Amino acid sequence: MADRSEEIITEFTGIGISEHDALVIADCIITRKSCSWVNTDPVDDKLIQDLNDLIKKNNYNVSVKVNAVPTRSKFIWDVKVR
């Protein structure tokens, strides 16, 4: 399972997702558990769209939404298992 996790993380970091965010998303995919977290790693709509396109292409059965908190320079990540 560790190899699969590393493969997923590599896919996500390859499109520009930070390693920390990629690790958490990969864990959600493998454990089939939803998760939310807050961090300061910048993301934009195109990056999230690319991420969700990659998730759909690989049938990972999760969806990712990110909401910016501009007054705090933070981003709220929400990964839901479908």
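In this report, we go over the structure that sits alongside the text. Note that this is a predicted model, so its numbers are computed, not measured.

Basis of the calculations
Residues numbered from 1 in each chain as written. Predicted model: local features only at pLDDT ≥ 70, side-chain atom pairs only at ≥ 80, totals over all residues. Heavy atoms only, no water. Helix = DSSP H or I, 4+ residues; strand = E, 2+ residues; numbered from the N terminus. Rg over C-alpha atoms; globule rule 2.2 N^0.38 Å. Buried < 20%, exposed > 50% of the residue type's maximum accessible area, 1.4 Å probe, protein only. Contact = heavy atoms within 4.5 Å. Areas by Shrake-Rupley, 256 points an atom, 1.4 Å probe, with all protein chains shown as cover. Lys, Arg positive; Asp, Glu negative; His and termini not counted. Charge placed at Lys NZ, Arg CZ, Asp CG, Glu CD. Expected span 1.5 Å × (residues − 1). Arc of directions from axis to C-beta. Polar contact = N/O pair within 3.5 Å; in protein donor to acceptor, adjacent residues only side chain to side chain.

**Section: the overall build of the protein chain**
- Within the protein chain, the regular secondary structure consists of 3 helices and 3 strands.
- Since a compact globule built from 82 residues should have a radius of gyration of about 12 Å, the 12 Å found for the protein chain is in line with a globular shape.
- A principal-axis box enclosing the C-alpha atoms of the protein chain has dimensions of 40 × 25 × 20 Å.
- Counting across all 82 residues of the protein chain, residues that qualify as buried make up 34%.
- Put simply, 52% of the contacts in the protein chain that link residues at least 6 apart link residues at least 24 apart.
- Here the protein chain displays about 5,200 Å² of accessible surface, and carbon together with sulfur accounts for 50% of that area.
- Across the protein chain, 11 positive and 13 negative side-chain charges occur, with their mean positions spaced 8 Å apart.

**Here's the deal with helix α3 (residues 45-57)**
- With 13 residues, α3 should cover 18 Å at 1.5 Å per step; its first-to-last C-alpha distance of 18 Å lies within 8% of that length.
- Within α3, the full set of buried residues consists of L47, I48, L51, N52, L54 and I55. One side of α3 holds all its buried residues, which, seen down the axis, span an arc of 155 degrees. Turned more than 90 degrees from where α3 packs its buried face, D45, K46, K56 and K57 sit exposed.
- The N-capping residue of α3, defined by a side-chain oxygen 3.2 Å from the backbone nitrogen of K46, is D44.
- Just past α3, the residue N59 takes up positive phi, approximately 50 degrees.

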